[in-house]
Amino acid sequence: MEEKGAVEVTEAQVAVHWKEEEHFYPSASFIGQANMADPGIFERFKEENFPECFKEYADMLTWDKYWHTMLDTSNPPFWKWFVGGKLNACNNCVDRHLPTYKNKAAFIWVPEPEDEAHYAMTYQELYRRVNELAVFLRDFAGLKTGDRVTLHLPMVLALPITMLACARLGIIHSVVFGGFSGKACADRVEDSASRVLITIDGYYRNGKLIDHKAKAEDTEKLGTVEKILVWRRYPGRYVSKAAMVEGRDYFIDDLLKDYIGKSVDPVSMPVEAPLFLMYTSGTTAKPKGVQHGTGGYMTYVAGTSKYIQDIHPEDTYWCMADIGWITGHSYIVYGTLSVAATSVLYEGVPTYPDAGRPWRIAEQLDVNIFHTAPTAIRMLRKAGPDEPKKYNYHFKHMTTVGEPIEPEVWRWYYNVVGKGEAVIVDTYWQTETGGFICSTIPALQPMKPGSAGLGMPGIYPIVYDEDRKEIKAGEGRAGNICIKNPWPGLMQTIWGEPERFIQVYYEKYCKNKNSKDWHDWPYFCGDAAAQTADGYYRFLGRVDDVINVAGHRLGTKELESAALVVEEVAEAAVVPVADEIKGKVPDMYIALKPGYTASKEIGDKIKRVIATELGPISRPKNVYIVPDMPKTRSGKIMRRVLAAISNYMDIGDVTTLANPDVVELIRKMVQGEEVKPPKEVPEELKRFGAAE
Ligand code: WTA
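Residues numbered from 1 in each chain as written. Predicted model: local features only at pLDDT ≥ 70, side-chain atom pairs only at ≥ 80, totals over all residues. Heavy atoms only, no water.

### Observations regarding the layout of surface pockets
Next up, step 1: In this structure, the second largest pocket spans a volume of roughly 590 Å³.
Next up, step 2: Every residue lining the second largest pocket is counted, 21 residues in all, and those nearest its centre are R129, L157, W231, R232 and P235.
Next up, step 3: Within the residue set of the lining of the second largest pocket, elements represented by two or more residues are β5 (119-122), α6 (123-139), α7 (158-169) and α9 (252-256).
Next up, step 4: The leading source of residues in the lining of the second largest pocket is α6, at three residues.
Next up, step 5: Looking at the lining of the second largest pocket residue by residue, the classes come out as 14 nonpolar, one polar and six charged. (1 Å grid on protein atoms, 1.4 Å probe; cavity = no way out; pocket = protein on both sides within 12 Å on 5 of 7 lines; lining within 4 Å. Points joined across faces, edges and corners; volume = space filled by probe spheres on them. Helix = DSSP H or I, 4+ residues; strand = E, 2+ residues; numbered from the N terminus. Nonpolar A, V, L, I, M, F, W, Y, C, P; charged D, E, K, R; others polar.)

If you want it as structure tokens, here you go:
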């Protein structure tokens, strides 16, 4: 979104607790065992040593043919890493571990029904399953290197097995989040021109067996699809009501019987061969097919899994994300297996059957590395603030990812979930970046609540204002964060849309489009950030989530964070409302912790706290205490929907939400019983939250 003038966040607007400067240090026992506790890393990865520094990560992989040139910048911004190299991602995740770890669990799968047994799959077993499926995909489905295949699968072992089987043959997978509708899946099938769709009959979520195959019945749209291959939640037993279409739909478990014991060597792929596509929302309605390559991506996720996640082969690592998002690709499957971890995969949601479930699983499996998002942390804090204390587990390391985390929530995560024993890394990154780009190195840099830390080794961020001037650390101003340099994990392009790739990520800050010098091509992240004097970055939300109130730029996150200071508040969401005088003002939606009831007093208290913490300019126009926030299936609050309600705009389709019914309740609360005609609002508001 184009906005002119300085991107200023004045002192008054930065909430007191976001000025938080308390540092927390890792324990001696953590440092003693850490993969990366050598301060020499700062020297090795300093700017003068770029790009050669990345050899350290590349050497964590097994290359079939070693590369000859570290970085080729001849066609900016289509950077080429490790030129001349050849490797296979599946080999790096599976085959190469067999001599040492064949009997170790690669995955432990936790089904939702608590009376179904956990399933630990060894590396040897994974190797067998992946081989058989790869031969099946080649011989039965006719898939070959370079083809695209769409996977619409939930959190079952079939998903990583299918991804790895594709990677083994150089087939480009495009995983669509299981919670997405058939229509959303069909759009992605079409964009990637997949001839094969791989799905499942059903899976458990919130105590219900979801009919998933039914979503594939949007046949009219599945134009390019010739075959639909169907896994079954219970092999041999079909749990979907949707008919199997003769000559198009096939049960994988039935057909795989003919492939038992078959093997195929991993195909030695050129380093730049695409490994997968991952569709993500942009500011337009059409999702972008973010394309990641084999060698650069694998190098980056291996390096960060080892140094930042601190994964050792003997650890039991649990990332609660869904594999349908980039976090799951990088830090449940590819990065995690590349360092020979045991990776936990679970079906269902964290709060069903109760908010003790994650901690029960952690105790049962003796998980020692835990990875989740602020949304899940807030949800668990709201639903079961004391639950972690009831279970005997011990984490050494925890991650938060995906959104800014409010210091209050961070402290609960640290003290209650982590029992004061675990380090926390607040990892900032994006689908586009492949892996973490800002974080602390856990044994070397202290944690600071609400701050993602510094640029990671080999990543040199810079904050620019709208006039392309650098905003320095400690200036107390926010701007647009960019990364000065390319790095191996960065996306290669947008599938089929190279121009859009340049336009979205480079147009705004490219210094000279004819230049072949990477210094002229900073990568634009699309987030507002401020850097404190110690170099740590605070993220203020997407630049399209920023609210400009009377010429002042407010991060919606700052207001939400301030509201969380109020004891009764569990969740807060802020949206811009058109205002005749001030341009825009914030409206605030609040969900309370259990045991509290909505009252005018609580509303007034929130307004007061915000006015004192952030200054009167930030005072919300309205504070609505709602029964629940409208949320996506992945748990993100749909601010777009709230903004539409506040502004009397068209609310759009909400059927894919986790709780669509709450939308009408909130609408009535805000607008009254009667449905009013839509109001005229500025263009900018119509785009608000489009990135959701
Ligand atoms: C936001 C998720 C603050 C940011 C891995 C980014 C964060 C978007 C953090 C990408 C963090 C991610 N602190 N904000 N630690 N991590 N974000 O593509 O706005 O689903 O641009 O990737 O999430 O979301 P995506």
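### Digging into the pattern of salt bridges
Next up, step 1: Taken as a whole and assessed by the stated rule, the structure comprises 40 salt bridges.
Next up, step 2: Between E406 and R378 there is a salt bridge whose closest N-O contact spans 3.0 Å. Note that E406 is positioned in the loop between β19 (397-401) and α14 (407-417) and R378 in helix α13 (residues 374-383), a separation of 28 residues in sequence. Each of the two residues, E406 as well as R378, counts as buried.
Next up, step 3: If you follow the salt bridges from partner to partner, you end up with K144, D147, R195 and E226 in one network. (Salt bridge = Lys/Arg side-chain N within 4 Å of Asp/Glu carboxyl O. Buried < 20%, exposed > 50% of the residue type's maximum accessible area, 1.4 Å probe, protein only.)

### Some details on the sheet that holds strand β16 (residues 316-319)
Next up, step 1: Taken in spatial order, the seven strands make up an open sheet running β5-β4-β17-β16-β18-β19-β20, and their pairing is mixed. The strands lining the two open edges of the sheet, one partner per strand, are β5 and β20 (423-427). Geometrically, the sheet is characterised by an average inter-axis angle of 20° between neighbouring strands, direction not taken into account.
Next up, step 2: Sheet topology places β16 next to strand β18 (residues 369-372); three bridges connect them, and they run parallel. Residue W318 lies in a different strand from β18, and its bridge partner there is F370.
Next up, step 3: The strands touched by α14 are β18, β19 and β20; relative to β19, the strand with the most contacts, the crossing angle is about 160°. (Pairing = 2+ DSSP bridges. Axes fitted to C-alpha atoms, helices over the stretch in contact; angles between N-to-C directions. Contact = heavy atoms within 4.5 Å.)

### A short note on the site of the ligand
Next up, step 1: Close contacts around the ligand come from 15 residues, with D426, T427, T431, D527 and R542 the closest.
Next up, step 2: In this structure, a nitrogen atom belonging to the ligand sits 3.3 Å away from a main-chain N or O atom of E403.
Next up, step 3: Note that a nitrogen atom of the ligand is positioned 2.8 Å from one of the backbone N or O atoms of T427.
Next up, step 4: For the ligand, the accessible surface in isolation is 530 Å², of which the surrounding protein chains cover 87%.
Next up, step 5: In terms of residue class, the shell around the ligand is made up of six nonpolar, five polar and four charged. (Near = heavy atom within 4 Å. Polar contact = N/O pair within 3.5 Å; in protein donor to acceptor, adjacent residues only side chain to side chain. Areas by Shrake-Rupley, 256 points an atom, 1.4 Å probe, with all protein chains shown as cover.)

### Some details on the nonpolar core
Next up, step 1: Grouped together as the largest cluster of nonpolar side chains are 124 residues, with contacts concentrated most on F54, L126, L164, I198 and Y334.
Next up, step 2: In terms of nonpolar packing, the next biggest core, distinct from the first, is built from 54 residues, W318, Y346, F370 and A422 among them. (Core = buried A, V, L, I, M, F, W, Y, C linked by side-chain atoms within 4.5 Å.)

### Re the packing of helix α10 (residues 294-307) against helix α11 (residues 326-338)
Two quantities define a packed helix pair, namely the angle between the axes and the distance from one axis to the other.
Next up, step 1: It is at 8 Å that the axes of α10 and α11 come closest, and there the two elements cross at 85°. By the criterion of interaxial angle, the relationship of α10 to α11 is roughly perpendicular. Of the residues in α11, those in contact with Y297, M298, V301, A302, T304 and S305 of α10 are H329, S330, Y331, Y334, G335, T336 and S338.
Next up, step 2: Each residue belonging to the contact of α10 with α11 can be placed in one class, and the counts come to six nonpolar, seven polar and no charged. (Parallel < 35°, antiparallel > 145°, perpendicular 65-115°, else oblique.)

### Some points on α13
Next up, step 1: Within α13, eight of the 10 residues are buried, which leaves the element mostly enclosed by the surrounding structure.
Next up, step 2: Regarding α13, the residues found buried are P374, T375, A376, I377, R378, L380, R381 and K382.

### A look at the packing of aromatic side chains
Where two aromatic rings form a pair, the distance of their centres and the angle of their planes describe that pair.
Next up, step 1: Going through the model one piece at a time under the given rule, you end up with 48 aromatic pairs.
Next up, step 2: Over the ring of F140 we find K227, and its NZ or CZ is 5.5 Å from the ring centre.
Next up, step 3: Positioned over the ring face of Y234 is R233, at 4.8 Å from the centre of the ring. (Phe/Tyr/Trp six-rings, centres within 6.5 Å; stacked < 30°, edge-to-face > 60°. Lys NZ or Arg CZ within 6 Å of the ring centre and 35° of its normal.)

### Some remarks on the confidence of the model for the protein
Next up, step 1: With 91% of its residues at a pLDDT of 70 or more, the protein shows a mean pLDDT of 90.
Next up, step 2: Here residues 1-17 scores under 50 on pLDDT; set against residues more than four positions off or in separate chains, the count is 52 contacts. (pLDDT = per-residue confidence, 0-100.)

### Considerations on the pairing of strand β17 (residues 342-346)
Next up, step 1: The element β17 is extensively covered by neighbouring structure, given that five of its five residues are classed as buried.
Next up, step 2: Taking every second residue as pointing to the same face, both faces of β17 are buried, with T342, V344 and Y346 on one and S343 and L345 on the other.
Next up, step 3: Here four bridges tie strand β4 (residues 105-110) to β17, and the two strands are oriented parallel to one another. Paired with I108 across the strands is V344, a residue of β17.
Next up, step 4: In this structure, β16 lies alongside β17, joined through three bridges in parallel fashion. Across the sheet, residue Y317 finds its bridge partner in β17, namely S343.
Next up, step 5: Handedness of the crossover joining β16 and β17 through α11 is recorded here as right-handed. (Right-handed = clockwise from strand over helix to strand, strands pointing away.)

### A short note on the packing of α13 against α14
Next up, step 1: Relative to each other, α13 and α14 sit at 75°, their axes nearing to 10 Å. Judged by the angle between their axes, α13 and α14 are roughly perpendicular. Residues I377, R378, L380 and R381 of α13 touch α14, and the partners they reach there are E408, V409, W412 and Y413.
Next up, step 2: Class assignment for the residues of the contact of α13 with α14 results in five nonpolar, no polar and three charged.

### Focus on the state of the cysteines
Next up, step 1: Per the stated rule, a full pass over the model turns up zero disulfides.
Next up, step 2: For the unlinked cysteine C185, the closest cysteine sulfur is that of C166, found at 14 Å.
Next up, step 3: Classification of C185 as buried rests on a relative accessible area of 2%. (Disulfide = S-S within 2.5 Å.)

### Description of the environment of A216
Next up, step 1: Within the fold, A216 resides in the loop between β10 (208-211) and β11 (227-231).
Next up, step 2: A216 gets classed as buried once you look at its relative accessible area, which sits at 6%.
Next up, step 3: Measuring from C-alpha to C-alpha, the distance between A216 and A186 comes to 8.2 Å, with 30 residues separating the pair along the chain.
Next up, step 4: In contact with A216, other than residues within four places in its own chain, are L197, L222, I228 and R248.

### Re helix α8 (residues 182-192)
Next up, step 1: Among all positions in α8, only G182, A184, C185, A186, R188, V189 and S192 are buried.
Next up, step 2: Looking at the packing, one finds that the buried side of α8 touches β6 (148-153), β7 (172-177), β8 (196-200) and β14 (274-280).
Next up, step 3: Positioned one or two residues after α8, A193 has a phi angle of 50°, which is positive.

### Re the environment of R381
Next up, step 1: One can find R381 in helix α13.
Next up, step 2: Residue classification places R381 among the buried residues on the basis of a relative accessible area of 12%.
Next up, step 3: The spacing of R381 and W412 is 31 residues in sequence and 7.5 Å in space, taken between C-alpha atoms.
Next up, step 4: In this structure, R381 is in contact with E408, V409, W412 and K593, ignoring residues within four places of it in sequence.

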